[in-house]
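# Structural description and commentary
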Amino acid sequence: MTVDFVNENPLDLCDGDSDDDSDDFSQMEVDTVTSRNNSNAFLTEKPIVKNESLFYAMKLPLLIGAMWGLLPLRDLEGKSAEITWKSWANCRTLVSLQIILLVGCFTMFIGIDFIIEVSQSTGNSIGSIAGKLSGVWFYTAGLFVYLFALLRSKQAAEFFRLWKRISQRIRTTVSESGKLKRELNIICLTVLASATGENILFHVYSMRTGIVSRGLELTFWNFLEDYYNSNQYIKRFFSYDPVITVLMFVVNKMALFAWNFGDIILMMISWSLYTRFRAINSFVEQYLSWDLPIPYTKQGMIPWHKVRRNYMRTVRLLDEADKIFYPLIWVSYSTNIFFVCNQLYIGIRNADIKTTVERIYLVWSFLHLSLRTLAVNLFAARINESSQDLSRLLQFCPPNEYDPE
């Protein structure tokens, strides 16, 4: 089956492009896409790849997020790529609300403790205040990500459907690699594995006094007691109790996961958009001859009008992603910069530390935060880089193939 866009308005996706423009494609299940034949420039068929559905590519990370109460969407486990946000009465939505309530309570506890500590202490330095503020910021960032995921779930589901519809429309000028799902899984699992290792070292670092005093003997009950003692803020509200301590531990891990998962979402969306622009560029480049100083192509070899229109469709995806995820971007940058500076300060202040565990933790924590922040920046920068490449490639369009667009 071929798909022709000759009669469509070339600006239909440049100025908002309502969903009605894509409705004809929302139910379309096409098993082949069209491409140019190198010898006769006629449209021929080739198999499509499954990763035209962004949900298919992000399925594993989304399932992991759902396990922790993020993104309460329906049909995450199903084979359909048409995931939806049902209602506030949905079971997953209610679970997310309960988690938000728990994280919010502990954010309030640690916030009150911070205010009391700062107000009662004298001669606080900026470094000491930042150290006390780090716990408040940590829980606040986790709480924000949970709120963001809940309030933007409906828009996220619509974005996945929009991605699928636009992917069905740009098949004629896309050269897919078929590796997006694997790449997104690697991004997600790498960040989570590093965060897990960093958090384990953090507990060893923060509970080292109790562990050493018992001669490295550690039972479950000893762990709970040491964990309670390492979180000084909770002592202002509760005496030691195993149930409260377990609840505090679980909420802490939820905030930790949400904080890391917010950056993972940004990295995966950025990388997916980058691969979409790169796919259009690769389609054009495969028909350019590079054996002369100025690349050229035979007339009729590249459907330039479709390249331009499909580029605008991809720009629309970028605009929609920006509308949905911009609050997460602000929180990610502010939180990561704060913690990178805080960890750098702790490392400089404790430059004379002797134990190997402390050294490993401080180095691992600083590198984890720095590299994660750098990855968010670089992945977003790749979008701009790949989108600019097409402007360069359009210069090779033969003058006799110019049109009113």
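Read on for a plain summary of the structure. Small disclaimer: the values here were computed from a predicted structure and weren't measured.

It is worth spelling out the side chain of Asn260 at this point. In this fold, Asn260 is placed in helix α10 (residues 242–285). Dropping the residues within four chain positions of it, Asn260 is found in contact with Val191, Ala195, His368 and Arg372.

With 46 residues, helix α11 (residues 304–349) should cover 68 Å at 1.5 Å per step; its first-to-last C-alpha distance of 59 Å lies more than 12% under that length. The sharpest bend along α11 measures roughly 60° and falls at Phe325, with the proline Pro327 sitting one to four residues further on.

Under the criterion given, the structure shown has three cavities of 30 Å³ or more. When its volume is computed, the largest cavity comes out at roughly 170 Å³. As for the largest cavity, its lining consists of 17 residues, of which Leu71, Phe148, Ala149, Ile265 and Phe325 are closest to the centre. Elements with a minimum of two residues in the lining of the largest cavity: α5 (126–151), α6 (153–169), α10 and α11. Of the residues contributing to the lining of the largest cavity, the split by class is 15 nonpolar, one polar and one charged. Taken as a whole, the second largest cavity encloses approximately 50 Å³ of empty space. Every residue along the wall of the second largest cavity is listed here: Val145, Trp259, Gly262, Asp263, Leu328, Val331, Ser332 and Thr335. By residue number, the principal contributor to the lining of the second largest cavity is α11, which donates four residues. The residue inventory of the lining of the second largest cavity, partitioned by class, reads four nonpolar, three polar and one charged.

With that settled, consider the packing of helix α3 (residues 59–67) against helix α7 (residues 180–206). Where α3 contacts α7, the axes come no closer than 8 Å and their chain directions differ by 35°. Facing Leu60, Pro61 and Ile64 of α3, the residues of α7 in contact are Leu184, Asn185, Cys188, Leu189 and Leu192. When grouped by side-chain class, the residues that make up the contact of α3 with α7 number seven nonpolar, one polar and no charged.

Here is what the cut-offs are and how they apply
- Residues numbered from 1 in each chain as written.
- Predicted model: local features only at pLDDT ≥ 70, side-chain atom pairs only at ≥ 80, totals over all residues.
- Heavy atoms only, no water.
- Helix = DSSP H or I, 4+ residues; strand = E, 2+ residues; numbered from the N terminus.
- Contact = heavy atoms within 4.5 Å.
- Expected span 1.5 Å × (residues − 1).
- Bend = angle between axes of the 7 residues up to and from the residue.
- 1 Å grid on protein atoms, 1.4 Å probe; cavity = no way out; pocket = protein on both sides within 12 Å on 5 of 7 lines; lining within 4 Å.
- Points joined across faces, edges and corners; volume = space filled by probe spheres on them.
- Nonpolar A, V, L, I, M, F, W, Y, C, P; charged D, E, K, R; others polar.
- Axes fitted to C-alpha atoms, helices over the stretch in contact; angles between N-to-C directions.

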